[in-house]
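Next come the chains, spelled out residue by residue.
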There are 2 protein chains.
Amino acid sequence: MTPPSSVPSSGPSSQPSFPPGATLADAGEFGLIEELVRRFPQGEHVLVGPGDDAAVLRVRTGHVVVSTDLMVEGRHFRREWASAADIGHRAAAQNISDVNAMGGRVTSLTIGLAAPADLEVAWALDFAQGFADECALVGASVVGGDLTRADQVVVAVTVMGVCTVAPVLRSGARPGDVLALAGRQGWAAGGLAVLGRGFRSPRVLVEAYRRPEPPYDAGPAAADAGATAMIDVSDGLLAEAGHLARASGVAVDVQRAALDLAEPLQAVGAALGADPLSFVLGGGDDHALLATFPAGADLPEGFTPIGTVGEGSGVTLDGAAYDGPTGWTHF
Amino acid sequence: MTPPSSVPSSGPSSQPSFPPGATLADAGEFGLIEELVRRFPQGEHVLVGPGDDAAVLRVRTGHVVVSTDLMVEGRHFRREWASAADIGHRAAAQNISDVNAMGGRVTSLTIGLAAPADLEVAWALDFAQGFADECALVGASVVGGDLTRADQVVVAVTVMGVCTVAPVLRSGARPGDVLALAGRQGWAAGGLAVLGRGFRSPRVLVEAYRRPEPPYDAGPAAADAGATAMIDVSDGLLAEAGHLARASGVAVDVQRAALDLAEPLQAVGAALGADPLSFVLGGGDDHALLATFPAGADLPEGFTPIGTVGEGSGVTLDGAAYDGPTGWTHF
């Protein structure tokens, strides 16, 4: 097989080609795609990048991990609550996190953007730049995409990655395992609560919502350390613990004292009259990792024990049912 | 690496779990996803199918071909013009066609469905069944997806495939090559024109629009036969010829006499007062393949010569510019 020639990398244009305030309708599809693609440098594994009927990737391992997510304006993000670059970072982060939760590392992403014709070109380009910058954190390339008109902004991302050891599924937890958490948890939910009331501080929480910082090294580290099950927290901590318990056929108990109720969460709880614990138990936008390890295993860096796995089914908090808000439903 | 256990195949439920008229909001996310996933049997290459953070695929070759597409209700399809199953077939077909145009064969797809909460469950399930049935034509599996609420139906598909010989790019056409076409061309555009006037016949054209039949074997056959460039016709024949000419740095001439103005196209042209040639030159929903081959090459089965490649740039019809409608723009 003769590989096609590689696509040269190119950085973003420092001189925007579109006048200020230009919309997608003004720009036209092909000129805009050219500008978008300039923001997506291609890694060495990309034999053919954006611009043909399909991208062509060199895959070094025999196993590929794949996931896909939709983000809809007004439901998963609001343009008035975060910059276009922030939303780009978030769209990439939540998808990279799905591969992280398998213990994999992301190599390639595709991105579909549906948007109203009056969306400003600057928004689309800044979104793409934020998306590309988040991908660069893990060395991944945006290898393809699609752009079309719709009534509201919809972002569709597919992520591909590789695992160097066996992927860590949701279904491997066993009674006696330790439940552990990596990454901030509840901060983004606190930030979202603040924004929902029309405030902009504490800034650290608002920023945690706008631009999450998933623990990207923790997923492969957990796989290497022998994690028995793993899931990323996108629907809320207790909800995800429930998904893991159900898939594994076990019961999970979360220990309240082990959860970190950081000072900004307590401050927001007090200001909004909310239990800060509800952000930690119900929040999903930080993309923390929840994993189980055999008892006595050395937890990899970044993981803190927060509970136990037992016989039975369901999720408890300190051995009892929790009746607060526990997460996100899509319909 | 210990591969996780395979996902068992399962056919669609013969007993729907939802009452007639139930909406997505009635069904709830997780029950609906379970029903959707039952419609997607998993091939042997799928080590982990839908239900975890990501799917895990075994990839036998070192090269993977990837493409992504969005379909938006009111823009790419209308629910009143085609059944849910038809729209599912079309969504799969247009994505499989992108891999076909590289000379590859599809192994795996992901599908994202954003839809209003009042969409009927039956629509989503029939859509999924049509999508699955089209994938089955090429032996591909739907390995993952996402489901969320939006104001209008948006379908986001990503397709992955493999090439057993070098992928055929848009950029390899050389002066002296023969331009050839595989598959029906213009039929879907004729059907769409009929539907747009409120008619339902000729049925053969309406069906061609509702459920295209791309020439799936022609892509790999062209690659095997040494095609120098290939593209799938989704933006219109002349428009795609233009993309190919530009990417290859050549001029393309299409010979009018070589184009098949089938009887139903002539009938519709007469009835609507349209030049039937405009359907053939401007239509894009059949997903025909346009390819170039070295002069004197034996064209693979299904391909008909329709023109020539020369020095220069641009596309001509019988050596002259064509001033009719030539295709589709996205903004």
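Residues numbered from 1 in each chain as written. Chains lettered and ligands numbered in written order. Predicted model: local features only at pLDDT ≥ 70, side-chain atom pairs only at ≥ 80, totals over all residues. Heavy atoms only, no water.

Examining the environment of G242 of chain B
The topology assignment puts G242 of chain B in helix α8 (residues 237-248). As a C-alpha pair, G242 of chain B and G74 of chain B span 168 residues in sequence and 27 Å in three-dimensional space. (Helix = DSSP H or I, 4+ residues; strand = E, 2+ residues; numbered from the N terminus.)

What about the UniProt feature "binding site: Mg(2+) 4" (unreviewed entry) in chain A?
Mapped onto the present numbering, the UniProt feature "binding site: Mg(2+) 4" (unreviewed entry) falls on D53, S67 and D98 of chain A. Across 46 residues, the annotated set is spatially dispersed, with a maximum C-alpha separation of 26.3 Å. When you line up the elements, D53 of chain A lands in the loop between β1 (46-48) and β2 (55-58). Given a relative accessible area of 4%, D53 of chain A falls into the buried group. The contacts of D53 of chain A, once residues within four sequence positions are left out, are S67, D98, A101, M102, R170, M230, I231 and D232 of chain B. Summarising the element assignment, S67 of chain A is placed in strand β3 (residues 63-72). Once residues lying within four places of it in the same chain are set aside, the contact partners of S67 of chain A are D98, V157, T158 and V159 of chain A together with D53 and A54 of chain B. A polar atom in the side chain of S67 of chain A sits 3.4 Å from the side chain of D98 of chain A. (UniProt positions renumbered as here; feature names shortened; annotations may be inferred. Buried < 20%, exposed > 50% of the residue type's maximum accessible area, 1.4 Å probe, protein only. Contact = heavy atoms within 4.5 Å. Polar contact = N/O pair within 3.5 Å; in protein donor to acceptor, adjacent residues only side chain to side chain.)

Section: the relation of the copies chain A and chain B
Between the two copies, chain A and chain B, the superposition gives an RMSD of 0.0 Å; the rotation angle is 180° and the shift along the axis is 0.0 Å. The transformation relating the two chain copies, once decomposed into turn and shift, fits a two-fold axis. The fraction of interface residues of chain A whose copies in chain B are also interface residues reaches 100%, indicating that both copies meet through the same surface. (Least-squares fit on C-alpha atoms with pLDDT ≥ 70 in both.)

Re the UniProt feature "binding site: Mg(2+) 5" (unreviewed entry) in chain A
Residue and element names in this part refer to chain A. In this numbering, the UniProt entry assigns the feature "binding site: Mg(2+) 5" (unreviewed entry) to D235. For D235, the position within the fold is in the loop between β8 (229-232) and α8 (237-248). By relative accessible area, D235 is classed as buried at 10%.

Digging into the state of the cysteines
Considering all chains together, one arrives at zero disulfides over all chains under this definition. No disulfide involves C163 of chain A; its sulfur sits 18 Å from that of C135 of chain A, the nearest cysteine. (Disulfide = S-S within 2.5 Å.)

Section: the domain arrangement of chain A
Residue and element names in this part refer to chain A. Each assigned domain of chain A is listed here: domain 1 (26-162) and domain 2 (178-317). A C-alpha centroid distance of 26 Å is found between domain 1 and domain 2. With 23 residues of domain 1 in contact, the opposing surface of domain 2 contributes 22 residues. For the pair domain 1 and domain 2, the two sides together bury roughly 1800 Å², of which 52% comes from carbon and sulfur. Where domain 1 touches domain 2, the interface holds three salt bridges. When the shortest N-O distance is used, the salt bridge between R211 and D86 registers 2.8 Å. Counting only elements with at least two residues in the side of domain 1 that touches domain 2, the list comes to α3 (84-100) and α4 (121-137). Per-element tally for the side of domain 1 that touches domain 2: the top contributor is α3, with 10 residues. (Domains from an automatic or database assignment. Buried area = accessible area lost by both parts, 1.4 Å probe. Salt bridge = Lys/Arg side-chain N within 4 Å of Asp/Glu carboxyl O.)

Considering the pairing of strand β6 (residues 154-162) of chain B
A regular strand places its side chains on the two faces of the sheet in alternate fashion. Residues and elements named next belong to chain B. Across the nine residues of β6, eight count as buried, placing the element largely inside the fold. Pairing geometry for strand β3 (residues 63-72) and β6, over nine bridges, is antiparallel. Counted as the bridge partner of V65 is G161 from β6. In this sheet, β6 lies alongside strand β4 (residues 105-115) in antiparallel orientation, the contact comprising nine bridges. Counterpart to L113 in the pairing with β6 is V155. (Pairing = 2+ DSSP bridges.)

Focus on the sheet that holds β8 of chain A
Residues and elements named next belong to chain A. Across the sheet, six strands lie side by side as β8-β10-β7-β11-β9-β12; this open sheet has mixed pairing. The two strands at the open ends of the sheet, each matched to only one other strand, are β8 and β12 (314-317). Within this sheet the neighbouring strands show an average axis-to-axis angle of 25°, counted without direction. Taken strand by strand, α8 contacts β7 (178-182), β8, β9 (251-254), β10 (289-293), β11 (303-310) and β12, and its axis lies near 145° from that of β8. (Axes fitted to C-alpha atoms, helices over the stretch in contact; angles between N-to-C directions.)

Looking at the sheet that holds β1 of chain A
Backbone-to-backbone hydrogen bonds join strands into a sheet, with any given pair of strands oriented parallel or antiparallel. In spatial order, the strands read β1(A)-β2(A)-β3(B)-β6(B)-β4(B)-β5(B); together these six strands make up an open sheet with mixed pairing. In this open sheet, the two strands that pair with only one neighbour each are β1 of chain A together with β5 (141-149) of chain B. Neighbour-to-neighbour, the strand axes of the sheet open up by a mean angle of 20°, direction not taken into account. One ladder, built from two bridges, connects β1 of chain A with β2 of chain A; its direction is antiparallel. Across the sheet, the residue bridging to V48 of chain A is V56 of chain A, located in β2 of chain A. Against the sheet, helix α3 (residues 84-100) of chain B touches β3, β4 and β6 of chain B, its axis set at about 145° to β3 of chain B. Packed onto the sheet, helix α4 (residues 121-137) of chain B meets β4, β5 and β6 of chain B and runs at close to 165° relative to β4 of chain B.

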